[in-house]
Amino acid sequence: MPGDIIFQAITKRFPGVLANDSISLTIRAKTVHAIVGENGAGKSTLMNILCGLLRPDSGEILIDHQYKSFNSPRDAVKAGIGMVHQEFMLARDLTVLDNLILGYEPGSYGLIKREEARKKLQKLSTAYGLSVPLDCKIGEIPVSFQQQVEILKVLYRGAEIIIFDEPTAVLTPQETRGLFTAIRELIEQNKTVIFISHKLKEVIAIADRISILRNGRVSGELPVEEATEQKLAELMVGRKNFLQAVPPVIKEERAPLLEIVNLRVTDQAKIVRINDLSFSIQAGEILGVAGVAGNGQSELVAAIIGWGVIDSGRILLNRIDITTSSVRQRRLKGMRYIPQDRSMIGSCLSAAVWENLIMGYEFKAPLARRGLLNFTEINNFSKKLIGRFKIKVASQDMPVQNLSGGNLQKTVIARELAENSTVLLAEDPTRGVDIAAAEFIHSQILQEAGKGSAVLLISQDLDELLSLSNRIIVLYDGRIIGESIAGEMTKEAIGLLMGGRCNGKDGVDK
Ligand SMILES: Nc1ncnc2c1ncn2[C@@H]1O[C@H](COP(=O)(O)OP(=O)(O)OP(=O)(O)O)[C@@H](O)[C@H]1O
Ligand SMILES: [Mg+2]
């Protein structure tokens, strides 16, 4: 059974940043303790120290009144600490079972007792209401299941203290409810939970106590009974009021900029993913797409951006057929894309901040002339974007993998919005960013539409969809199951449609 966790004056410096500046914090055993703070405040750094991935420059950690010093994650695991990371750390080509036991295989003399592991894992998943398909490959299962695998992994390793770093950023509202049930079960079983999130509503719903970090320091701590969203926002970013975005008003009918005509996509297993889908978006319009992940959204985006294989149908950009155009040709015509996966698709993690910012612009003036890069122009370009999007970065030469999660997201968005777009595809654009940054990103998307771009916004966050979109379509099973103009659909109605219920009837015929 775990005791209290006490951080004593933890300090951690990276080149050019003081990520943790003498942080002292007590986390009571058997409670859910939330840590909030703006992007780059130092939350993940502190947790990486607790789970043995980083060593503090100074300061101590006590667990159950004993000083602990971890030289590796393995030491932290031994001390009962497990972390479900912001970016999952799973091997996509291995099965769930292999991922779960990797590095902690039971057995002796090199023989792995897989069946023993399987039994233990099945018992654990039943106990915590998790359901993971042990024999599927990680790459084949949805993110919410991948997260359950991460949770099961830490439980399998005997964790008593479980750290969740932005676990709900990738989940739908229903999946979040499932996670909260699992977290409550963890507390029932006398575990301690540390919960990091930018979604203040959720923090208030799940936490017992909340600590606020700001610029590497603790700027406040309060029991949940005293917390309101406004109070937390004020402690986090220094102001409590945020602008509510309003969808753009379109006065007259304009020409469609993006047209999807009778699109049909089947996957390798011959399953129909997109079924005769048609819609168009006119200049200045934001079309919101709601739907439970896996109902055709990713295939639709792949078809529009140009890397997906389609069976039939056409895609038109500004009335020109681009169905067979390459990704590059589409980008040259002003198509921009903010992907859901910022680390694998949205960026090149080992490349510098400036390199990530110029990708796609590097071959044309003013950044390049006659095939030669102009570093003065590049420097100006990159500095301007860092300033405009308030990306917190010690140096633009550092690889983006050293940025905090929200700052990596801002880097991807800054690049995609660096020039005017004709069509902007945005998937969960405010995933993992703090409330001030979310407000700013919303204003930028509205501005893009205001300048005449056609925006396709796919988001798990219904509040975001409702506050930005002129029109919303709900995807179910690769088809539009419901459509409405702004203000005419409630969250509840969208929720029902997302579950395949139309006019009160269960499901739709296939
Ligand atoms: N390995 C590293 N090398 C250099 N700088 C780093 C490294 N890891 C983190 N930093 C910097 O330390 C600061 C704190 O980052 P951290 O990831 O702890 O923030 P965070 O509070 O988790 O933010 P977010 O909400 O965006 O995830 C940031 O300025 C970040 O760029
Ligand atoms: Mg973080």
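Student: When you look at the site of ligand 1 in this model, what are you seeing that I'm missing?
Tutor: Taken together, 20 residues lie near ligand 1, and Gly40, Lys43, Thr45, Ser404 and Gly406 sit nearest. With respect to ligand 1, the backbone of Gly42 contributes an N or O atom lying 2.9 Å from an oxygen atom. Contact between ligand 1 and His198: an oxygen atom at 2.8 Å from a side-chain N or O atom of the residue. In isolation ligand 1 has 640 Å² of accessible area, and contact with the protein removes 90% of it. Broken down by secondary-structure element, the contributors of at least two residues to the shell around ligand 1 are strand 2 (17–27), helix 1 (43–50) and helix 13 (405–416). With three residues, helix 1 is the largest single contributor of residues to the shell around ligand 1. For the shell around ligand 1, a count of residues per class yields six nonpolar, 11 polar and three charged. The residues that make up the shell around ligand 1 include at least three from each of domain 1 (5–237) and domain 3 (346–419).

Student: What's the story with unusual backbone geometry in this structure? I'm lost.
Tutor: Keep in mind that most residues, glycine aside, have a negative phi and that most peptide bonds are trans. Cis geometry marks the peptide bond from Ala365 to Pro366; its omega dihedral reads 5°. Mapping Pro366 onto the fold places it in the loop between helix 11 (353–358) and strand 19 (368–369). Phi at Glu166 takes a positive value of approximately 50°, unusual for a residue other than glycine. Turning to its location among the elements, Glu166 is positioned in the loop between strand 9 (161–165) and helix 6 (173–188). For Asp477, which is not glycine, the phi dihedral falls at a positive 55°. By secondary structure assignment, the location of Asp477 is in the loop between strand 23 (471–476) and strand 24 (479–485).

Student: Mind showing me how you'd approach the sheet that holds strand 1 (residues 5–14) here?
Tutor: Reading across from one edge, 2-1-4-5 is the order of the four strands in this open sheet, with antiparallel pairing throughout. Pairing within the sheet leaves two strands with one partner each, and these edge strands are strand 2 and strand 5 (66–68). Along the sheet, successive strands turn relative to each other by an average axial angle of 30°, direction set aside. Of the strand pairs in this sheet, strand 4 (residues 58–63) and strand 5 are connected by three bridges, and their pairing is antiparallel. Across the sheet, the residue bridging to Leu62 is Tyr67, located in strand 5. In the packing of helix 1 onto the sheet, contacts are made with strand 1, strand 2 and strand 4, and the angle to strand 1 comes to roughly 115°.

Definitions and cut-offs
Residues numbered from 1 in each chain as written. Chains lettered and ligands numbered in written order. Predicted model: local features only at pLDDT ≥ 70, side-chain atom pairs only at ≥ 80, totals over all residues. Heavy atoms only, no water. Near = heavy atom within 4 Å. Polar contact = N/O pair within 3.5 Å; in protein donor to acceptor, adjacent residues only side chain to side chain. Areas by Shrake-Rupley, 256 points an atom, 1.4 Å probe, with all protein chains shown as cover. Helix = DSSP H or I, 4+ residues; strand = E, 2+ residues; numbered from the N terminus. Nonpolar A, V, L, I, M, F, W, Y, C, P; charged D, E, K, R; others polar. Domains from an automatic or database assignment. Pairing = 2+ DSSP bridges. Axes fitted to C-alpha atoms, helices over the stretch in contact; angles between N-to-C directions. Contact = heavy atoms within 4.5 Å.

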